[in-house]
Each structure stands twice: as C-alpha cells, then as structure tokens.
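Here's the letter readout for the chains.
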Amino acid sequence: MAALDLFGRRWSLRILWELRAGPLGFRPLQKRCDDMSSSVMRQRLTELLDAQVIRQLPDSRYELTPLGQEARHALNPLARWAEHWAATIDPQGPDRTDDQSASRVSHPDTVGDGAPERGSAD
C-alpha cells in the first residue's frame, strides 16, 4: 500500500502532525520536528507534495491539503491511543523525578530496566 509506505517513512507523520494547526514555513516546521536535517526535511516535503497531502503556499509555507486533513483525522484515534499508552506506562507523567523513572530514561541505549541493550556502544 502506497500510503503505508509514504507514512511509514521517518518524519512523514510528524510533519503532518505539526501542520495540523495551520501553515508553517520550512524553518519553523524543522524546529517543531526536533531540528531534523534540512536534506531529510526537503526529501519528506517533496514526497508529501508529490502525494498531494501537503501543498506549498505562495509565501513558501506548507499546509495540509484536503487529503492531508483526511489523513490527519484518520490519525486522531492513534493519537488518543498514544496518550492512553503513555499514561499507562508512566501514570505520573513526564515530570516524574523518582529514581525508577530516572533509570528508565537515563540513556538512549538502555532497555526498560536501565541495563544497556546488547550490542550498544556502552
């Protein structure tokens, strides 16, 4: 399925998500997407433009097309599930400061118990 291929590419869904509230220019969109590289951003924007999910406005900002809006609405159940999932795995929220939560997120190459994953550089 072409849509799954398109939306399965890294950053594609994030770009759609960030455009949900309205048009954004390249740099503001890049900032909202955790400063992804310019080359990847250009590639994803081109793919989304070609798929007619976003369009570029005369002032160079990007916005969702009607097809993009439909895709965004289709993602709403996933967003609700993600919020439920996040609350389930961390009921106290992201501001939690106890030792258990600190060890869980202490290093990007660790697993849930804080131990390094096999094959990590540490």
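Scroll up to find the structure.
Read on for an overview of the structure. Just so it is clear, the model here is predicted, and its values are computed rather than measured. (Residues numbered from 1 in each chain as written. Predicted model: local features only at pLDDT ≥ 70, side-chain atom pairs only at ≥ 80, totals over all residues. Heavy atoms only, no water.)

Among the structural elements, E47 can be located in helix α4 (residues 38-50). Judged by relative accessible area, which is 18%, E47 ranks as buried. (Helix = DSSP H or I, 4+ residues; strand = E, 2+ residues; numbered from the N terminus. Buried < 20%, exposed > 50% of the residue type's maximum accessible area, 1.4 Å probe, protein only.)

This model, assessed by the stated rule, comprises 1 aromatic pair. Consider the rings of W81 and W85, whose centres lie 5.9 Å apart with planes at 10 degrees: the pair is stacked. Taken as a pair, W81 and W85 lie in helix α5 (residues 66-89) at a separation of 4 residues, close to a single helical turn. Overall, W81 belongs to the partly exposed group, its relative accessible area being 48%. (Phe/Tyr/Trp six-rings, centres within 6.5 Å; stacked < 30°, edge-to-face > 60°.)

Another aspect to go through is the nonpolar core. Judged by nonpolar contacts, the single largest core of 18 residues is most densely connected at I15, L19, L29, M41, L45 and I54. Sorting the residues of this core by element identifies α2 (12-18), α3 (26-32), α4 and β2 (62-64) as the ones contributing at least two each. Looking at this core element by element, the count peaks at 3 residues for α4. (Core = buried A, V, L, I, M, F, W, Y, C linked by side-chain atoms within 4.5 Å.)

Another aspect to go through is α4. Given a rise of 1.5 Å per residue, 13 residues ought to cover 18 Å, and the 18 Å separating the end C-alpha atoms of α4 matches this to within 8%. Among the residues of α4, M41, R44, L45, E47 and L48 are the ones counted as buried. End-on view of α4: buried residues confined to an arc of 160 degrees, all on one side of the axis. Looking at the buried positions of α4, the neighbouring elements they touch are α1 (2-8), α2, α3, β1 (54-56) and β2. (Expected span 1.5 Å × (residues − 1). Arc of directions from axis to C-beta. Contact = heavy atoms within 4.5 Å.)

Along its 24 residues, α5 runs 35 Å from first to last C-alpha, staying within 8% of the 34 Å computed at 1.5 Å per residue. Of all the bends found along α5, the most pronounced is centred on N76 and spans about 35 degrees, while P77, a proline, follows it within four residues. Among all positions in α5, only G68, A71, R72 and L75 are buried. In this structure, the buried side of α5 is in contact with α1, α2 and β2. (Bend = angle between axes of the 7 residues up to and from the residue.)

It is worth spelling out the pattern of salt bridges at this point. Per the stated rule, a full pass over the model turns up 6 salt bridges. The partner of R14 in a salt bridge is E18, and the shortest N-O contact between them spans 2.8 Å. Linking R14 with E18, this pair stays in helix α2, spanning 4 residues, or about one helical turn. Using a relative accessible area of 27% as the deciding quantity, one classes R14 as partly exposed. In this structure, E47 engages R44 in a salt bridge whose closest nitrogen and oxygen atoms are separated by 3.3 Å. Pair noted here: E47 and R44 are both in helix α4, with a separation of 3 residues, about one helical turn. Judged by its relative accessible area of 11%, R44 falls in the buried class. Overlapping salt bridges, with partners in common, bring together R14, E18 and D34 in one network. (Salt bridge = Lys/Arg side-chain N within 4 Å of Asp/Glu carboxyl O.)

Take it as geometry only, folks, not as evidence of what the structure does.
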